[in-house]
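Here are the chains, one letter per residue:
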Amino acid sequence: MIIVRSRDGSELRVDGYRVRFFERIDLPPIDRRLKAIREAGWNTFQLKADDVFLDMLTDSGVNAMSINQLAAMMSAQDAYAGSRTFYEFAETVEEILSFKYVIPVHQGRAAEHLLAKVFVREGSIVPMNYHFTTTKTHIDLAGGIVVEIPVKEALDIKSRYPFKGDIDVSKLEEILKKERGKVAFVRIEAVANLLGGQPVSMKNIREVRELCDRYGVPLVLDGSMVDWNVYFIKEREPGYRSKKLVDILREFVSYSDIFYMSARKAPSVRGGFIATNNREFYEKIVIHVPVYEGFPTYGGMSIKEIAAMAIGLREMVDENLIGSELELIKYVVEELDKRGIPVVLPPGGLGVHIEASQFLPHVPRNAYPAGSLAAALYLASGVRSMERGAMSMDRDRDGREIYPDLELIRIAFPRRTYLKSHADYLIDRVLWLYEHRDIVEGLRWIYEPPVLRFFLGRLEDIGNWGEKLVEVYKKELGDL
Ligand code: F0G
């Protein structure tokens, strides 16, 4: 954002880019939406993109790309081994993130797979601010145990604590003391996804670093959304307002031993990488790359995407570019909060998060309030959001449900993609749905996969509530 002073003395934030390419989108009529969500088994992951109006499922792989990224893709050097484009990317990693060794992988979960393979053993413990779905699955599959230790404010959606992604350092110290020798690594997720896109403070990562040093445990940083984390440090943490984003980023990542990211997020491409300054870690990880990803100078990625990823790393700390979707998220969250919608506060990164068990208090958790709300929001608006509650957890080894602390839906704002009119439309439809929330009941499984069930699972609407909601919608708002 370009920040200037307004006539009335307040701050005025202006987007530092203009749009030169666009994609036409269509709002499917409500009857079509009902048919589509039925065909999708009431799971928004299973909807066809053509049946969606505003695709707010995720920011992953769908951010707007810059003209410089597109240009770089055209001049990338395709080679199976030793591409110049890879070495240019590695130089950019060293310049922007200060890491000497870098391993491209096909996406974020591939990095998690390799890290789990190298560091996690049966019974290993991995403390972290909060889990992400794919992270937890890879640690579980390697026999490890994820221990979540967010600060207590993180689980209270109404708390406006500015860094709800922080780790509770006293709990971390207890674990490091008690479980000496068993902790594989400590993991910090910059902008904790499942806590509602909440950032981690510089103070916190610095304290975690000190503890890791004291107990001789590596610190792994998941920087998939580190661009937003850095922006929030600049906005919210004392002492950082006048610093450049790139300098804040360098300090932040310098506290980690291993940095990885889904490059589908902050750098706006399709890929990922692991970076470190520790030669021994690099060597342990890189030997697995030819088996699972590809030759280490492309790691399962298209070389064109690697070229765009290098540009994306620079652009993710470009002062002009960062923050416009965060301003839209803030606008929607504040408007919904004013009208009593249970949104996660303070406004964070990634998207607008609604606590579905408060939005639909009459739907029991084993009937999936968040899954139901995501399906209902699609019906009422054509907006595709994502379930981030009980369905996004898999059952335990005895087949029992694991209920996460928060039962959220996430309405994501990909970078530089949606406009203010879209935000206003979304607000209107969420408010309409809230007025008719009693109609929405739960969901039950028709097909439940054993692992990461939220991706491929199929369900049905208990008591046929979808049709009832559509009937009322048509009476009050018409066919569109
Ligand atoms: N870590 C974090 C914090 C993520 O948000 C994601 C993906 C991953 C790791 C895995 O990366 O998808 O490239 O394999 N998050 C996406 C989302 C899927 O919609 O939030 P991936």
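Residues numbered from 1 in each chain as written. Predicted model: local features only at pLDDT ≥ 70, side-chain atom pairs only at ≥ 80, totals over all residues. Heavy atoms only, no water.

Considerations on the overall build of the protein
Under the convention used in this document: Only DSSP runs of H or I covering at least 4 residues are called helices, and only runs of E covering at least 2 are called strands; the numbering of each starts at the N terminus. Throughout, a residue-residue contact means that at least one pair of heavy atoms, one from each residue, lies within 4.5 Å. Method for areas: the Shrake-Rupley scheme with a 1.4 Å probe, in which residue coverage is limited to the protein chains shown. We score Asp and Glu as negative and Lys and Arg as positive, and we do not count His or the chain ends. Charge positions are represented by NZ for Lys, CZ for Arg, CG for Asp and CD for Glu.
The number of helices and strands found in the protein is 18 helices and 16 strands. Within the protein, contacts between residues at least 6 apart in sequence are counted, and of these 72% link residues at least 24 apart. As displayed, the protein has an accessible area near 19600 Å², and 51% of this comes from carbon and sulfur atoms. In the protein, which carries 65 positive and 70 negative side-chain charges, the distance between the mean positions of the two groups comes to 1 Å.

A short note on the pattern of salt bridges
As a reminder, the rule being used: When a carboxyl oxygen of Asp or Glu is within 4 Å of a side-chain nitrogen of Lys or Arg, the pair counts as a salt bridge.
The tally for this structure, following the rule as stated, stands at 48 salt bridges. Where Asp213 meets Arg209, a salt bridge forms, and the shortest distance between an N and an O atom there is 2.7 Å. In this pair, Asp213 and Arg209 are both assigned in helix α7 (residues 202-215), four residues apart and thus about one turn of the helix distant.

Some words on the domain arrangement of the protein
Heads up, the rule is: Each domain span listed reflects an automatic or database assignment of domains. The buried area of a pairing is the accessible area, by a 1.4 Å probe, that goes missing from both parts when the two are put together, added over both.
Domain annotation for the protein reports domain 1 (11-62 + 321-477) and domain 2 (67-315). In this structure, domain 1 and domain 2 have C-alpha centres spaced 27 Å apart. Contacts between the two partners involve 44 residues from domain 1, matched on the other side by 42 residues from domain 2. Across the interface of domain 1 and domain 2, roughly 3500 Å² is buried in total on both sides, 55% from carbon and sulfur atoms. Of all residues in domain 1, Ile322, Pro346 and Arg415 bury the most surface against domain 2, accounting for 18% of the area lost on that side. In this assembly, domain 1 and domain 2 are joined by seven salt bridges. The partner of Arg160 in a salt bridge is Glu334, and the shortest N-O contact between them spans 2.9 Å.

A closer look at the site of the ligand
As a reminder of what qualifies: Only heavy atoms are used to decide nearness, and a residue is near a molecule or strand if one of them lies within 4 Å of it. Pairing of N or O atoms within 3.5 Å defines a polar contact, subject to two protein rules: one partner must be a possible hydrogen donor and the other a possible acceptor, and residues neighboring in sequence count only if both atoms are side-chain atoms. Polar here means any residue other than Ala, Val, Leu, Ile, Met, Phe, Trp, Tyr, Cys and Pro, which are nonpolar, and Asp, Glu, Lys and Arg, which are charged; Gly is therefore polar.
The environment of the ligand is formed by 17 residues, the closest being Thr58, Arg109, Asp222, Ser262 and Arg410. Within the side chain of Asp222, an N or O atom sits 2.6 Å from a nitrogen atom of the ligand. Residue Lys265 places a side-chain N or O atom 2.9 Å away from an oxygen atom belonging to the ligand. If the ligand stood free it would expose 470 Å²; the protein chains cover 96% of that surface. Take the shell around the ligand: its biggest share by element is three residues, from helix α4 (residues 108-119). Its residues assigned to classes, the shell around the ligand shows three nonpolar, seven polar and seven charged. Counting contributing residues, the shell around the ligand receives three or more from each of domain 1 (11-62 + 321-477) and domain 2 (67-315).

Topic: the sheet that holds strand β13 (residues 386-388)
Condition: Between any two strands, at least two bridges found by DSSP are needed for them to pair. Axes here mean lines fitted to C-alpha atoms, for a helix over just the part in contact, with angles spanning 0 to 180 degrees between N-to-C directions.
Taking strand neighbours across the sheet as the criterion, the three strands line up as β11-β14-β13 in an open arrangement whose pairing is antiparallel. Looking at the sheet topology across the chains shown, the edges are occupied by β11 (351-355) and β13. Adjacent strand axes in the sheet meet at a mean angle of 30 degrees when their direction is disregarded. Alignment of β13 against strand β14 (residues 408-412), held across three bridges, turns out to be antiparallel. Across the sheet, the residue bridging to Glu387 is Ile409, located in β14. Packed onto the sheet, helix α15 (residues 369-381) meets β11, β13 and β14 and runs at close to 35 degrees relative to β14.

Some details on the pairing of strand β10 (residues 272-276)
Put simply, the rule is: We call a residue buried when its accessible area falls under 20% of the maximum for its residue type, exposed when it is over 50%, and partly exposed in between, using a 1.4 Å probe and counting protein chains only.
The element β10 is extensively covered by neighbouring structure, given that five of its five residues are classed as buried. Neither face of β10 is exposed, since Gly272, Ile274 and Thr276 on one face and Phe273 and Ala275 on the opposite face are all buried. Pairing geometry for strand β9 (residues 258-262) and β10, over five bridges, is antiparallel. In the strand pairing of β10, Ser262 is matched with Gly272.

Examining the packing of aromatic side chains
Operational definition: Here is the rule: rings of Phe, Tyr and Trp (six-membered ring for Trp) pair when centre to centre is within 6.5 Å. Planes less than 30 degrees apart are stacked, more than 60 are edge-to-face, and the remainder are tilted. Working rule: Lys NZ or Arg CZ, within 6 Å of ring centre, within 35 degrees of ring normal, means a charge sits over the ring.
The full count for this structure, using the stated rule, is 19 aromatic pairs. Residues Phe454 and Phe455 carry aromatic rings whose centres are separated by 4.2 Å and whose planes lie at 40 degrees to one another, so their mutual orientation is tilted. Taken together, Phe86, Tyr87, Phe89, Phe99, Phe259 and Phe273 form an aromatic cluster joined through their ring pairs. Positioned over the ring face of Phe454 is Arg388, at 4.8 Å from the centre of the ring. When the ring centre of Tyr434 is taken as reference, the NZ or CZ atom of Arg437 above it lies at 3.9 Å.

A closer look at the environment of Glu189
As for its position among the elements, Glu189 is in strand β7 (residues 186-189). Through-space distance from the C-alpha of Glu189 to that of Glu293 is 23 Å; in sequence the pair is 104 residues apart. The contact partners of Glu189, leaving out residues within four places of it in the chain, are Asn129, Tyr130, His131, Phe132, Leu194, Val200 and Asp222. A polar contact of 2.7 Å, which involves the side chain of Glu189, links it to the backbone nitrogen of Asn193.

Here's the deal with unusual backbone geometry
With an omega dihedral of -10 degrees, the bond running from Leu345 to Pro346 counts as a cis peptide bond. Assignment of secondary structure puts Pro346 in the loop between α13 (324-338) and β11. Backbone geometry places Ser268, a non-glycine residue, at a positive phi of 60 degrees. As for its position among the elements, Ser268 is in the loop between β9 and β10. Its identity is not glycine, yet Tyr368 carries a phi of approximately 60 degrees, on the positive side. For Tyr368, the position within the fold is in the loop between α14 (356-359) and α15.

Focus on the packing of helix α3 (residues 84-97) against helix α12 (residues 303-315)
Helix-helix packing: each pair is described by the crossing angle between the helix axes and the interaxial distance. Selection criterion: Small angles under 35 degrees read as roughly parallel and large ones over 145 as roughly antiparallel, with 65 to 115 read as roughly perpendicular and the rest as oblique. Handedness of a helix crossing follows the sense of rotation of the near helix relative to the far helix, less than a right angle counterclockwise being left-handed and clockwise being right-handed.
At a minimum axis distance of 9 Å, the contact between α3 and α12 shows a crossing angle of 20 degrees. Judged by the angle between their axes, α3 and α12 are roughly parallel. In this structure, α3 meets α12 at a crossing whose hand is left-handed. Residues Thr85, Phe86, Phe89, Thr92, Val93, Glu95 and Ile96 of α3 pack against Ile303, Ile306, Ala307, Met309, Ala310, Leu313 and Arg314 of α12. Taken together, the residues of the contact of α3 with α12 break down into 10 nonpolar, two polar and two charged.

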